[in-house]
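Chain residues, written in single-letter form:
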Amino acid sequence: MTNRILLQVFCLFWLSPFGNVFSQNTQIEERGKTLGIIIGRGYEDGWINLSKLPTIGIAYTHPIHKRIALRGQVSSFYRSMPDSYLYDDANGRIMANIIVRDSKSPFLDDIQRDRITSIGLKDLDPSYTVKTLSVPWDFGVLFYPLMFKRHALGLFVGGSLTYESHNWMRDYYPADITLDDGSVYEGTFVALNTEFNSLTPGDCIKIEYSYNFNKFLATFGVSENNLLLSHRSSIIFYNISIGIHAKI
């Protein structure tokens, strides 16, 4: 009796419009292996936007079933925010903004390092001196619960390994400074950022809609990194993106 009821329910589902979507597998166009470029807008925890630069990523997708694929993706997310009291403190005393000689900061090029080495001082723009660069490598399974002809709605669930380089609000140290030309600055403060570098594990979850063209896929997705399995030193961030995935 139970088996008969289950069979009837299955038949009703399969003949319904919703079940008909799943029964048209012969009309679903194969997607195959793809290599894609993804561009988006990144957000800090709380959906705070701190960057004018887009997120950029490269993704490789390898299908293992009509509805399941393996995906690996590497991307970059750079953002910055203002510091405070860079020119003077509450009492009007001058802040001398110095970057340490032989700095290993990833935000400096060789020309800037040579200039800092020769003069010891650098005139910094105080608007955006707190900087963060996140480079997550996401790897996991992309599952398509809904597919119809050229359309598909996918759910990506996987792990993430994120390299991060960032600094923090400056600490201030009192100092008297004498320049090579004999100029003397007394009662000034040296303002130094503390820099951090880390490689931390986490998670990545993404909802992705894709449309299948003849030679490529166009995608739109919303993702999060490090929300569920984040290390205490990880930074939670989100990404809204579009992508073009060429079939290879």
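Undergrad: Before we move on, could you go through the overall build of the chain and cite the residues and values that matter?
TA: Secondary structure assignment for the chain yields 3 helices and 11 strands. Across the 248 residues that make up the chain, the buried fraction comes to 37%. In the chain, the share of contacts with a sequence separation of at least 24, taken over all contacts with a separation of at least 6, comes to 65%.

Undergrad: So what's going on with the packing of aromatic side chains? Which residues, and what values?
TA: Counting across every chain of the model gives 6 aromatic pairs. Ring centres of Y211 and F213 lie 4.9 Å apart, and the angle between their planes is 65°; this geometry places the pair in the edge-to-face category. In this structure Y211 comes out as partly exposed when scored by relative accessible area, which is 25%. For F213, a relative accessible area of 34% corresponds to the partly exposed category. A network of ring pairs unites the aromatic residues Y43, W47 and Y238 as a single cluster.

Undergrad: Tell me about the side chain of R79, residues and numbers included.
TA: Locating R79 in the fold gives a position in strand β3 (residues 68–81). Taking relative accessible area as the criterion, R79 reaches 1% and is therefore assigned buried. Within the local environment of R79, its side chain forms a polar contact with the side chain of E44, the two groups lying 2.9 Å apart. A polar contact is formed between the side chain of R79 and the side chain of S134, at a distance of 2.9 Å. The residues contacting R79, other than those within four sequence positions of it, are E44, L50, S51, V130, K131, T132, L133, S134, I235 and F237.

Undergrad: Quick one: what's the story with a nonpolar patch on the surface, residue by residue and with numbers?
TA: A contiguous nonpolar surface patch, about 920 Å² in accessible area, is contributed by W47, L146, L153, L155, V157, I207, Y209, F220, V222, I240 and I242. Going through the elements one at a time, β6 (151–167), β9 (195–212), β10 (216–225) and β11 (237–247) are the ones with two or more residues in the nonpolar patch. Considering every element that reaches the nonpolar patch, the biggest residue donor is β6, with 3 residues. Topologically, L153 is positioned in strand β6.

Undergrad: Quick rundown of unusual backbone geometry? Include the residues and the values.
TA: One non-glycine residue, W47, adopts positive backbone phi at about 60°. Tracing the sequence through the fold places W47 in the loop between β1 (34–44) and β2 (55–65). Here W47 falls in the partly exposed class, since its relative accessible area comes to 41%. The phi torsion at K149 lies on the positive side, around 50°, for a residue other than glycine.

Undergrad: Residues and numbers for the pairing of β6, please.
TA: Where strand β5 (residues 130–148) and β6 come together, 15 bridges link them in antiparallel fashion. Bridged to F148 within β6 is H151. Here β5 hands over to β6 after 2 residues, with K149 in that stretch at a positive phi of 50°. As judged from the 17 bridges shared by β6 and β9, these two strands associate in the antiparallel manner. Within β9, the residue paired with L153 across the bridge is Y209.

Undergrad: So what's going on with the sheet that holds β3? Residues and values would help.
TA: The 8 strands are arranged β1-β2-β3-β5-β6-β9-β10-β11 in a closed barrel whose pairing can be described as antiparallel. Strand-to-strand twist in this sheet, taken as the mean axis angle between neighbours without regard to direction, amounts to 25°. As judged from the 10 bridges shared by β10 and β11, these two strands associate in the antiparallel manner. For S223, the partnering residue across the bridge sits in β11 and is N239.

Undergrad: Describe the side chain of R71, naming the residues involved and giving the relevant values.
TA: Counting through the fold element by element, R71 comes out in strand β3. Here E208 takes part through its side chain, which lies 2.9 Å from a polar atom of the side chain of R71. What R71 contacts, discounting residues up to four positions off in sequence, is A59, Y60, T61, D138, F139, G140, L142, F156, K206, E208 and H245.

Undergrad: Outline the pattern of salt bridges, supporting the account with residue identities and numerical values.
TA: Tallied over the entire structure, the rule returns 3 salt bridges. The salt bridge involving E44 is made with R79; its shortest N-O contact spans 2.9 Å. In this pair, E44 is assigned in strand β1 and R79 in strand β3, connecting sequence segments 35 residues apart. Notably, a salt bridge pairs K206 with E208, separated by 3.5 Å at the nearest N-O pair. Assigned by exposure class, K206 and E208 land together as buried. What you see here is one network of salt bridges that share partners, running through R71, K206 and E208.

Conventions we followed
Residues numbered from 1 in each chain as written. Predicted model: local features only at pLDDT ≥ 70, side-chain atom pairs only at ≥ 80, totals over all residues. Heavy atoms only, no water. Helix = DSSP H or I, 4+ residues; strand = E, 2+ residues; numbered from the N terminus. Buried < 20%, exposed > 50% of the residue type's maximum accessible area, 1.4 Å probe, protein only. Contact = heavy atoms within 4.5 Å. Phe/Tyr/Trp six-rings, centres within 6.5 Å; stacked < 30°, edge-to-face > 60°. Polar contact = N/O pair within 3.5 Å; in protein donor to acceptor, adjacent residues only side chain to side chain. Patch = residues over 30% accessible without salt bridge, like charges linked within 9 Å, V, L, I, M, F, W, Y side chains within 5 Å. Areas by Shrake-Rupley, 256 points an atom, 1.4 Å probe, with all protein chains shown as cover. Salt bridge = Lys/Arg side-chain N within 4 Å of Asp/Glu carboxyl O. Pairing = 2+ DSSP bridges. Axes fitted to C-alpha atoms, helices over the stretch in contact; angles between N-to-C directions.

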